[in-house]
Amino acid sequence: SFGYTNTLRFLLGAVMIGINLQILAIQPTLLDWVLATIAFFAGLAIVYAFWFFVSTMAFFFDRIENIHEMVPSLRRFMEVPAPVFTGTIGMVFTFIFPLLIVTNVPANILLGRAQYELFAYLVVFALVAVMASRRWFHLCLRRYSGVGS
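Keep in mind the model is a prediction, meaning the values are calculated, not measured.

So, about the overall build of the protein. Looking only at helices and strands, the protein features 6 helices and 0 strands. Beginning at the N terminus, the succession of helices and strands in the protein can be written as α-α-α-α-α-α. Overall size of the protein, expressed as C-alpha extent along the three principal axes, is 65 × 35 × 25 Å. The buried share of the protein, taken over its 149 residues, is 27%. For the protein, the computed accessible surface area is about 10,400 Å², with 69% contributed by carbon and sulfur atoms. Positive and negative side-chain charges in the protein, numbering 9 and 6 respectively, have mean positions lying 7 Å apart.

Within the chain, Ala-25 stands out as a residue other than glycine whose phi angle is a positive 55°. Structurally, Ala-25 can be placed in the loop between helix H1 (4-23) and helix H2 (30-55).

A word on the nonpolar core. Where a protein is soluble and globular, its nonpolar side chains tend to be buried together. Counting residues in hydrophobic clusters, the biggest one holds 24 residues, and the most contacted among them are Ala-39, Val-102, Val-105, Ile-109, Phe-119 and Leu-122. Put simply, the parts of the chain that give this core at least two residues each are H2, helix H3 (70-74), helix H5 (99-110) and helix H6 (116-143). In terms of residue count, the dominant contributor to this core is H2 (9 residues). Contact partners of Phe-119, with chain neighbours within four places excluded, come to Leu-35, Ile-38, Ala-39, Val-105 and Ile-109.

A separate point is the packing of helix H4 (residues 87-96) against H5. At their nearest, the axes of H4 and H5 sit 5 Å apart, and the two run at 75° to each other. With respect to H5, the axis of H4 lies roughly perpendicular. Note on element contacts: H5 touches H4 through Leu-99, Leu-100 and Ile-101, opposite Gly-90, Phe-93 and Thr-94. Its residues assigned to classes, the contact of H4 with H5 shows 4 nonpolar, 2 polar and no charged.

Quick look at the packing of H2 against H6 now. Packing of H2 against H6 brings their axes to within 8 Å, and their N-to-C directions diverge by 30°. The two elements H2 and H6 meet at a crossing, and its hand is left-handed. Of the residues in H6, those in contact with Leu-35, Ile-38, Ala-39, Ala-42, Ala-45, Ile-46, Ala-49, Phe-52 and Phe-53 of H2 are Tyr-116, Phe-119, Leu-122, Val-123, Phe-125, Ala-126, Ala-129, Val-130, Ala-132, Ser-133, Trp-136 and Phe-137. By residue class, the composition of the contact of H2 with H6 is 20 nonpolar, 1 polar and no charged.

Procedures and definitions
Residues numbered from 1 in each chain as written. Predicted model: local features only at pLDDT ≥ 70, side-chain atom pairs only at ≥ 80, totals over all residues. Heavy atoms only, no water. Helix = DSSP H or I, 4+ residues; strand = E, 2+ residues; numbered from the N terminus. Buried < 20%, exposed > 50% of the residue type's maximum accessible area, 1.4 Å probe, protein only. Areas by Shrake-Rupley, 256 points an atom, 1.4 Å probe, with all protein chains shown as cover. Lys, Arg positive; Asp, Glu negative; His and termini not counted. Charge placed at Lys NZ, Arg CZ, Asp CG, Glu CD. Core = buried A, V, L, I, M, F, W, Y, C linked by side-chain atoms within 4.5 Å. Contact = heavy atoms within 4.5 Å. Axes fitted to C-alpha atoms, helices over the stretch in contact; angles between N-to-C directions. Parallel < 35°, antiparallel > 145°, perpendicular 65-115°, else oblique. Nonpolar A, V, L, I, M, F, W, Y, C, P; charged D, E, K, R; others polar. Left-handed = near helix turned anticlockwise from the far one by under 90°.

That's the geometry; what it means functionally is another story.
Right, here's the structure in full:
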């Protein structure tokens, strides 16, 4: 939800990015900023689509009171640099369930270590995930029979 605390977190994050880029003496180009912004919004779209998928499971299950806690818990994966995860787990969380690249791709672009293949994958996955989540929602609505039916 949009609120003052979330706005403050966003601004604090933006300030921290600026400070750390200065400390590291890194000056991203305009193209880097544009690509990082696109990657940031693609990452938001992936998280939104996943949260939407999980939330619409309420159409199929009666008692899922804590389903809203699932996505914030999984966001912990996004706080860890991608190279920490290797082997099968790294592949799963990079390509099948791309939580690792949601935050790592924008950061690497700003640091001058852009991986354009991952950037393209992130954007395409975001578009597919948003479209799939919409289709899933409409499917769930068609199958919904109402409370107490």
